[in-house]
Amino acid sequence: MMDSGLLHLWGMRLLFVLMALLVLFFHLLPLNPAPSQWASPDVLVAMVFAWSVRRPDYVPILLVAAVMLLADMMLQRPPGLWSVLVVCAAEWLKSRERRQRETTFVLEWLTFASTLIVITVLYRAVMMILILAPGTLTLSLVQVLMTIAIYPVIVGVSYFLFGVRRAAPGDMDRLGRTL
């Protein structure tokens, strides 16, 4: 018989994958064929980072890598570059999770913003080194700002709709270890 904690953990991982696929689906819908002056926020990255900060056990590294690699393929980005940067950033945020428990949301938001800016700069730098067109700087800047602005909404939806909460200091996992 399955342990309820293990079932919940895998259910949340499945929910993460389904939400990522839903985000990709809506991103690929041809709603407006004309090029836009505004870049849409990267909801998938915001979701990965929000879940990594709040409940790292819900988003293991291989799951994040698979989802981000699928996103690279579907969105026709260089395969693996953005994925590697997001995976490294998510793992760095996971390593800071215990310290982030007692902090305010504003500090979490600033940490998210600075991490997103760093990986975006690295992405553009690698693209320029490889002599690939990284897109206009204005669109990248708008996308970063929109993603930073939408982060509280992603955290709110994750918290209120899906129950992705920070682990409390006394919470235990299914094996009895403190989270």
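For the structure itself, look to the data block above.
Fair warning: this is a prediction, and the values are worked out from it, not measured in the lab.

Peer 1: A description of the pattern of salt bridges should follow, citing residues and the corresponding values.
Peer 2: Considering all chains together, one arrives at 5 salt bridges under this definition. With its nearest N and O atoms 3.1 Å apart, the salt bridge here joins Glu 91 to Lys 94. On the criterion of helical spacing, the pair formed by Glu 91 and Lys 94 is a turn pair, its members being 3 residues apart in helix α4 (residues 81-95). According to the relative accessible area criterion, Glu 91 is partly exposed, its value standing at 30%. For Lys 94, a relative accessible area of 14% translates into the label buried. Among the ionic contacts, a cluster of salt bridges with common partners joins Arg 54, Glu 108 and Arg 166.

Peer 1: I'd like a rundown of the environment of Tyr 58, residues and numbers included.
Peer 2: Along the chain, Tyr 58 turns up in the loop between α2 (43-54) and α3 (61-74). Here the alpha-carbon distance between Tyr 58 and Leu 15, two residues 43 residues apart in the chain, equals 9.3 Å. Not counting the four nearest positions on each side in its chain, Tyr 58 is found in contact with His 8, Leu 9, Met 12, Arg 13, Trp 51, Leu 63 and Val 164.

Peer 1: Help me get a handle on the nonpolar core, residues and values and all.
Peer 2: It is characteristic of soluble globular proteins that their nonpolar side chains tend to be buried jointly. Counting 43 residues, the largest nonpolar core has Phe 49, Trp 51 and Val 86 as its most contacted members. At the level of secondary structure, the elements contributing two or more residues to this core comprise α1 (4-28), α2, α3, α4, α6 (105-129) and α7 (137-160). Discounting chain neighbours no more than four positions away, the residues touching Val 86 are Val 45, Val 48, Phe 49, Val 64, Met 68 and Ile 119.

Peer 1: Account for the packing of aromatic side chains, naming residues and giving values.
Peer 2: This structure, assessed with the given rule, holds 9 aromatic pairs. Consider the rings of Phe 49 and Phe 112, whose centres lie 5.8 Å apart with planes at 75°: the pair is edge-to-face. One end of the pair, Phe 49, is in helix α2; the other, Phe 112, is in helix α6, and 63 residues separate them in sequence. Here the aromatic rings of Trp 82 and Tyr 123 are separated by 5.2 Å at their centres, their planes lie at 75°, and the arrangement is edge-to-face. Remark: Tyr 123 occurs in helix α6 and Trp 82 occurs in helix α4; sequence separation between them is 41 residues. The class of Tyr 123 is buried, set by a relative accessible area of 12%. In this structure, Arg 13 packs its charged tip against the face of Trp 10, placed 4.8 Å from the ring centre.

Parameters at a glance
Starting from 1, residues in each chain are numbered consecutively following that chain's sequence as written. In view of the model being predicted, local features appear only for residues whose pLDDT reaches at least 70, and side-chain atom pairs are presented and counted only at 80 or more, with totals across whole chains, interfaces and linings using the full set of residues. Note: side-chain values were computed over all heavy atoms of the structure, leaving out hydrogens and water. Note on definitions: salt bridges are taken to be side-chain nitrogens of Lys or Arg within 4 Å of carboxyl oxygens of Asp or Glu. Runs of E in the DSSP output that reach at least two residues are strands. Runs of H or I that reach at least four are helices, and both are numbered from the N terminus. Remark: exposure states derive from per-residue accessible area (1.4 Å probe, protein chains only) relative to the maximum for the residue type, with buried under 20%, exposed over 50%, and partly exposed in between. By the convention used here, residues are in contact when the closest approach between their heavy atoms is within 4.5 Å. Only buried residues count toward a nonpolar core, which is a set of Ala, Val, Leu, Ile, Met, Phe, Trp, Tyr and Cys residues joined through side-chain atoms within 4.5 Å. Each pair of aromatic rings taken from Phe, Tyr and Trp, with Trp reduced to its six-membered ring, is defined by centres within 6.5 Å and is described as stacked if the planes are under 30 degrees apart, edge-to-face if over 60, and tilted in the remaining cases. Definition used: whenever NZ (Lys) or CZ (Arg) falls within 6 Å of the ring centre and also within 35 degrees of the ring normal, the charge is taken to sit over that ring.

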